[in-house]
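Each chain, letter by letter, is given below.
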Amino acid sequence: MAEPAEPEFFFDPTDPAFRRNPYPVYAKLRDEHPLLAGPLNSWVVSRYEDVEALLRDRRLGKDLGGTQFFAQVAGAGPDEEPPPFLGLGLDGWDANLFRLLDPPDHTKLRNLVAAPFTPSAVEALIKSVTAVVDELLADLPERFDVMEVLASQLPVRVLGDMMGIDREDQKLLAAWSTEIAHILELGAAPSEDVAIACQRAVAQCTEYFVKVLREREGGDGTDLITELTRAGETIEGLTIHQVAAVCVLLIVPGLDTFANLIGNAAVILAEHPDVLERLAADSSLADDVLDEVLRLEPPTHASWRVVNEPITLHGRTMEAGAVVLLMLAAANRDERAFENPDTLALGKHGRKHLSFGRGIHYCLGDNLSRLMAKEALIGLAKRCASIKPDDDEVALKPGLWLRGPARLPVTTTPRVG
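Residues numbered from 1 in each chain as written. Predicted model: local features only at pLDDT ≥ 70, side-chain atom pairs only at ≥ 80, totals over all residues. Heavy atoms only, no water.

**Overview of the nonpolar core**
Test applied: By convention a nonpolar core is built from buried Ala, Val, Leu, Ile, Met, Phe, Trp, Tyr and Cys residues, the set being connected through side-chain atoms within 4.5 Å. The buried label applies to any residue whose accessible area, calculated with a 1.4 Å probe on protein chains only, is under 20% of its type's maximum; exposed applies above 50%, and partly exposed to all values in between. Each helix is a run of H or I in the DSSP string that is no shorter than four residues. Each strand is a run of E no shorter than two, and both are numbered from the N terminus. Here, two residues are considered to be in contact whenever any of their heavy atoms come within 4.5 Å of each other.
Among the nonpolar cores identified, the biggest contains 82 residues, and Phe117, Leu154, Met163, Leu173, Phe209 and Leu368 are the most heavily contacted of them. Counting residues per element, this core draws most heavily on helix H14 (residues 240–271), at 19 residues. Apart from the residues within four sequence positions on either side, Met163 is in contact with Phe209, Arg216, Asp223, Leu224, Ile225, Cys247, Leu250 and Ile251.

**Quick look at the environment of Lys28**
Within the element layout of this structure, Lys28 appears in helix H2 (residues 23–32). Sequence separation of Lys28 and Phe9 is 19 residues, and the distance between their C-alpha atoms is 9.1 Å.

**Focus on the layout of surface pockets**
In plain terms, the rule: As defined here, a cavity is a set of points on a 1 Å grid over the protein atoms alone where a 1.4 Å probe fits but cannot get out. A pocket is an open set with protein on both sides within 12 Å along at least five of seven lines, and residues line them when an atom is within 4 Å of a point. Grid points are joined across faces, edges and corners, and a volume is the space filled by probe spheres set on the points. Here the term charged refers only to Asp, Glu, Lys and Arg, the term nonpolar to Ala, Val, Leu, Ile, Met, Phe, Trp, Tyr, Cys and Pro, and the term polar to all other amino acids, Gly among them.
What the largest pocket holds in volume is close to 640 Å³. Arg20, Val267, Glu271, Glu297 and Arg403 are, among the 25 residues lining the largest pocket, the residues nearest its centre. For the lining of the largest pocket, the secondary-structure elements that each account for two or more residues are helix H1 (16–20) and H14. If one sorts the elements of the lining of the largest pocket by residue count, H14 sits on top with 5 residues. Split by residue class, the lining of the largest pocket holds 12 nonpolar, 3 polar and 10 charged. Computed from the structure, the second largest pocket encloses a volume of approximately 400 Å³. Together, 24 residues line the second largest pocket, and Thr178, Ala181, Asp256, Ala259 and Lys397 are the ones closest to its centre. Every element with two or more residues in the lining of the second largest pocket is listed here: helix H9 (146–151), helix H10 (153–163), helix H11 (167–180) and H14. Take the lining of the second largest pocket: its biggest share by element is 5 residues, from H11.

**Notes on the packing of helix H8 (residues 126–136) against H10**
When two helices pack together, their arrangement is given by the angle between the helix axes and by the axis-to-axis distance. Here is the rule we go by: In this description, a line fitted to the C-alpha atoms serves as the axis of each element, helices being fitted only across the stretch in contact, and the angle between N-to-C directions of two axes falls anywhere from 0 to 180 degrees. Note that the term roughly parallel is reserved for angles under 35 degrees, roughly antiparallel for angles over 145, roughly perpendicular for angles of 65 to 115, and oblique for everything else. Crossings are sorted by hand: turned counterclockwise from the far helix by less than a right angle, the near helix makes the crossing left-handed, and turned clockwise it makes it right-handed.
Close contact between H8 and H10 brings their axes to 10 Å; oriented N to C, the two are set at 140°. Looking at the two axes, H8 sits oblique to H10. In this structure, H8 meets H10 at a crossing whose hand is right-handed. Between H8 and H10, the residues in contact are Val129, Val132, Val133, Glu135 and Leu136 and Gln153, Leu154, Arg157 and Val158, respectively. Taken together, the residues that form the contact of H8 with H10 break down as 6 nonpolar, 1 polar and 2 charged.

**Points about the sheet that holds strand E2 (residues 43–45)**
Under the convention used in this document: In short, DSSP must find at least two bridges between two strands for them to pair.
Strand order in the open sheet made by the 5 strands is E1-E2-E8-E5-E3, with mixed pairing throughout. Edge positions in the sheet fall to strand E1 (35–37) and strand E3 (60–61), since each of these pairs with one other strand and no more. The pairing of strand E5 (residues 303–307) with strand E8 (residues 323–326) spans 4 bridges and is antiparallel. Pairing of Ser303 across the sheet is with Leu326, part of E8.

**Things to note about helix H18 (residues 366–383)**
Under the convention used in this document: One fewer than the residue count of a helix, multiplied by 1.5 Å, yields its expected span.
The first and last C-alpha atoms of H18 sit 26 Å apart over 18 residues, in line with the 26 Å expected at 1.5 Å per residue. The element H18 is extensively covered by neighbouring structure, given that 14 of its 18 residues are classed as buried.

**Considerations on the packing of aromatic side chains**
Working definition: an aromatic ring pair is given by the centre-to-centre distance plus the angle between the planes. Applied cut-off: The criterion for an aromatic pair is that two Phe, Tyr or Trp rings (for Trp, the six-membered ring) have centres within 6.5 Å, with stacked assigned to planes under 30 degrees apart, edge-to-face to planes over 60 apart and tilted to the rest. For a lysine, the NZ atom is tested; for an arginine, the CZ atom; a charge sits over a ring if that atom is within 6 Å of the ring centre and within 35 degrees of the ring normal.
Overall, the coordinates contain 7 aromatic pairs when judged by the stated rule. Judged by centre distance (6.4 Å) and plane angle (35°), the ring pair of Phe11 and Trp401 falls under tilted. Taken as a pair, Phe11 in the segment before H1 and Trp401 in the loop between strand E9 (384–389) and strand E10 (409–414) lie far apart in primary sequence, 390 residues in all. You'll find Phe11 and Trp401 in the same group, each marked buried. Here a set of aromatic residues connected by ring pairs shows up, and it is made of Phe11, Phe18, Tyr23, Tyr26 and Trp401. The positively charged end of Arg295 is found above the aromatic ring belonging to Phe338, 5.1 Å away from the centroid. Sitting above the plane of the Tyr23 ring, Arg333 keeps its charged end 3.6 Å from the centroid.

**A short note on the pattern of salt bridges**
Test applied: We count a salt bridge whenever a side-chain nitrogen from Lys or Arg sits within 4 Å of a carboxyl oxygen from Asp or Glu.
Per the stated rule, a full pass over the model turns up 24 salt bridges. With a shortest N-O distance of 3.3 Å, Arg167 and Asp161 are connected by a salt bridge. For Arg167, a relative accessible area of 40% puts it in the partly exposed group. Linked by salt bridges that have partners in common, Arg30, Asp31, Asp334, Glu335 and Arg336 make up one network.

**With respect to the sheet that holds E9**
One key point about sheets: their strands pair by backbone hydrogen bonds, in either a parallel or an antiparallel sense. Taken in spatial order, the 3 strands of this open sheet run E4-E10-E9, and their pairing is antiparallel. A single partner strand is all that each edge strand has here, and the edge strands are strand E4 (143–145) and E9. When strand polarity is set aside, the average angle formed by the axes of neighbouring strands in this sheet is 35°. Bridge analysis of E9 against E10 gives 5 bridges, and the strand direction is antiparallel. Considered in E10, the bridge of Ile387 is made with Thr412. Most of the contacts of H18 go to E9, to which it runs at about 105°, and overall it touches E4, E9 and E10.

If you want it as structure tokens, here you go:
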């Protein structure tokens, strides 16, 4: 990667002040450094037009395996100095999780799992998702933790039921997801204990799905895992570990990022009681509310890509092998794309947020996430006339790019009638 001729603005995503409020930094990046040489020899891209174009650009991929960046963040072996990510290194199948994300593997694995997440398939889940929301929010006390009661429970119940996994094992999946989510935090520096727990969870979760897949081979069930075993039999060269990896990659982003989304949404509704009131009166506004939540405070602030062919942007060249951090949260508040971008405005933006991505890596769980989130927001609005966080400052989960409350105790006014 070509080095800049002179020192640039120092972008430090580990700075606690940035973590508390990253948006002034994002504005500076957009205005003064739209292509920045960033942490760990990566490039940082922050403007909406650039991020959207690069999300679609087939010269970019997601296979980190052979890059210097991967060696830095994951570790190249026992003789290397501890890198800033997992510290102890990833090897064997754990490392191969990162190598399934470009064609042709990406194509066949995405096709394998696409059917249950089509709009028509997800629409058929409306009643069951609503039933789970109603169950979780039944007899809601005036004071409760949104993350504990709703945000962390809803996705594991819905995805777990789709996979035909019993409630006790769903608790295992939730625990593994919390640990494995550290893998999504490329460039973070967890403690050794966190790193060990993360690696153990990857191995245990993968082994769990291999076991379940083998148990359900040849079965006639309609659950997602049984359907994956049947579909997998038709794809030449597909291994059971690859199918298990699909399950892991469905669970981890699906649970942790969705919990972030609901937590962030609850904070925004607390800040905008008028929107809470409007949503209670008209549930058809849920789509607009959700889109503004995703634009203003997405659960994932950055998406990474690997440069496969040199790309020139803003007069500089990103060479093959470099890693690019596409700053979704910065792009979502770009004044070049949105009028009054820091203000919640229902249905007034002609352009769409980038929080689910674009192109071949567009979030496969978009339809299901939207359904669950809308039902969750409607459920809260129907039951709560007001929401007030108990803490003056919301405690965020640790990390760099995943953003959501670690806990969110709130006091509510029950809605009457």
